[in-house]
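So the chains spell out like this:
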Amino acid sequence: MSPILSNIYLDRLDKFVETVLLPAYNREAKRKSNRSYEQLRRQAKKLVKAGHYREARLLRRQMRQLPSYDPDDPAYRRLRYLRYADDFLLGFSGPRSEAEEIKQQLKEFLRDDLNLELSESKTLITHARTEAARFLGYEITVTQDNQKRDQNGRRNLNGIIGLRVPMDVLRAKCAPYLRHGKPALIGGRVNDTEFSIIATYQQEYRGLVEYYRLAHNIRTLDRLKWVMEMSLAHTLSAKLQISVPRVFARLRTIIQTDRGPKKVLQVKVDRGRDKAPLVAQWGGISLARRMGAILNDHPPRVWNGQTELLERLLADTCELCGSQEDVEVHHVRHLKDLQRKGRAEKPTWVQAMAARQRKTLVVCRKCHWDIHAGRPTRHKVAP
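The following paragraphs examine the structure supplied in this document. The model shown is predicted, which means the values in this text are computed figures rather than measured ones.

The subject of this paragraph is the pairing of strand E8 (residues 252–257). Where E8 meets strand E9 (residues 260–269), 6 bridges bridge the pair, whose relative direction is antiparallel. Paired with Thr253 across the bridge in E9 is Val264. Linking E8 to E9, which pair antiparallel, is a turn of 2 residues.

The next thing to look at is the sheet that holds strand E10 (residues 278–282). Taken in spatial order, the 3 strands line up as E8-E9-E10 in an open sheet, and their pairing is antiparallel. If you trace the sheet from one side to the other, it starts and ends with E8 and E10, each paired once. With direction set aside, neighbouring strand axes in the sheet form an average angle of 55 degrees. Where helix H8 (residues 222–240) meets the sheet, it contacts E8, E9 and E10, and its direction lies at approximately 125 degrees from that of E10. The sheet strands contacting helix H9 (residues 244–251) are E8 and E9, and the helix crosses E8 at an angle near 45 degrees.

Turning to the pattern of salt bridges, a few remarks are in order. Between side chains of opposite charge, a pair can form as their charged atoms come close. Per the counting criterion, the structure on display carries 16 salt bridges. Salt-bridge contacts for Asp11 lead to Lys15; the nearest nitrogen and oxygen are separated by 3.3 Å. Here Asp11 and its partner Lys15 are both found in helix H2 (residues 11–25), 4 residues apart, which amounts to about one turn of the helix. Residue classification places Asp11 among the partly exposed positions, given a relative accessible area of 31%. For Lys15, a relative accessible area of 48% corresponds to the partly exposed category. The closest approach of N and O atoms between Asp112 and Arg111, which form a salt bridge, is 3.0 Å. The class of Arg111 is partly exposed, set by a relative accessible area of 36%. Through salt bridges with shared partners, one network takes in Arg134, Glu139, Arg164 and Asp168.

This paragraph deals with a positive patch on the surface. On the surface, a cluster of positive charge is contributed by Arg54, Arg57, Arg60 and Arg61. On the secondary structure map, Arg60 appears in helix H4 (residues 53–63).

A few words now on H2. Residues that lie three or four places apart on an α-helix share one face, since the helix turns once every 3.6 residues. For H2, spanning 15 residues, the distance from its first C-alpha to its last is 20 Å, which sits close to the expected 21 Å at 1.5 Å a residue. By the largest-angle criterion, Val17 marks the main kink of H2, which is about 35 degrees. Each element contacted by the buried residues of H2 is listed here: strand E1 (78–84), strand E2 (87–93) and helix H5 (96–113).

Cut-off values and rules
Residues numbered from 1 in each chain as written. Predicted model: local features only at pLDDT ≥ 70, side-chain atom pairs only at ≥ 80, totals over all residues. Heavy atoms only, no water. Pairing = 2+ DSSP bridges. Helix = DSSP H or I, 4+ residues; strand = E, 2+ residues; numbered from the N terminus. Axes fitted to C-alpha atoms, helices over the stretch in contact; angles between N-to-C directions. Contact = heavy atoms within 4.5 Å. Salt bridge = Lys/Arg side-chain N within 4 Å of Asp/Glu carboxyl O. Buried < 20%, exposed > 50% of the residue type's maximum accessible area, 1.4 Å probe, protein only. Patch = residues over 30% accessible without salt bridge, like charges linked within 9 Å, V, L, I, M, F, W, Y side chains within 5 Å. Areas by Shrake-Rupley, 256 points an atom, 1.4 Å probe, with all protein chains shown as cover. Lys, Arg positive; Asp, Glu negative; His and termini not counted. Charge placed at Lys NZ, Arg CZ, Asp CG, Glu CD. Expected span 1.5 Å × (residues − 1). Bend = angle between axes of the 7 residues up to and from the residue.

Here it is in structure tokens:
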């Protein structure tokens, strides 16, 4: 409910920014041209016409070290605003003194109109070219690279907003799989089946990769992949009572992906002639940047409870209505969320999960849709 309530209450903040701050701090359509840049451009053009190509190339190299527009144009201002729930970000092109004014106006509006206090420790003013702002788990910067050019020879990175995976996030995500700085097994997973162990590692890694698809340094997650892969190998080694190299020799296979063949660790569980096998694999996830990615800040998790997940999947039967068609798994984050006192009578699926002390429930697709829609689910028919 938190994002919904934030959107309702902070709608007045959105309107304040749109009607007061943006009109006051947006001026001119574009910056003025840089005089030094324009002088070099005209000289290079004259040299080309005169046939002095070598001298023209030298001038163009000097041009690439200068901005084409005046970065300190006193008449130009630009303000951008973005909010997600109770986190907001403002991007401002202008002097720091005016950025301080904007911050003060926001502080006064939140205090006087919404009875909210602006957190001084979290509300920072950072220079986007030399520092990074943190927003929704990303580091946000303005990129600068005079050597990077497009196919027409033009600089195509300068002044572009860049999204990065924060290094402290990477270290924090690696930490659970390390012991004394080296990848190690996770003892709590040794008692699970190979299928569940691999599926759990893969799901955890995929969730993080998909969330950082927009980052231009997403390939730094290679470090996390190696740490998790070695932790997985050590966990499987303890489970199977074999060495780590033998784990790779036994489970490694090659699969075909949209980016070519990839080596993965794979476990297949046969379910008979009439049904496709259950497959769990580690690897095969591309680290290619995808600007059209849709971010999910609550990725699904693989849970195991008192009954092994694999055994229930193999049963291929809805635990609510008994159907054997389109069987899926429903997850909850915390069992305590199912057992809060003072609530109305709990639906059948909640009672089933709470009684069995499980965070997963194997259900058919019809019951799964009913659960998410808040509709009553079907019941098993007594024989």
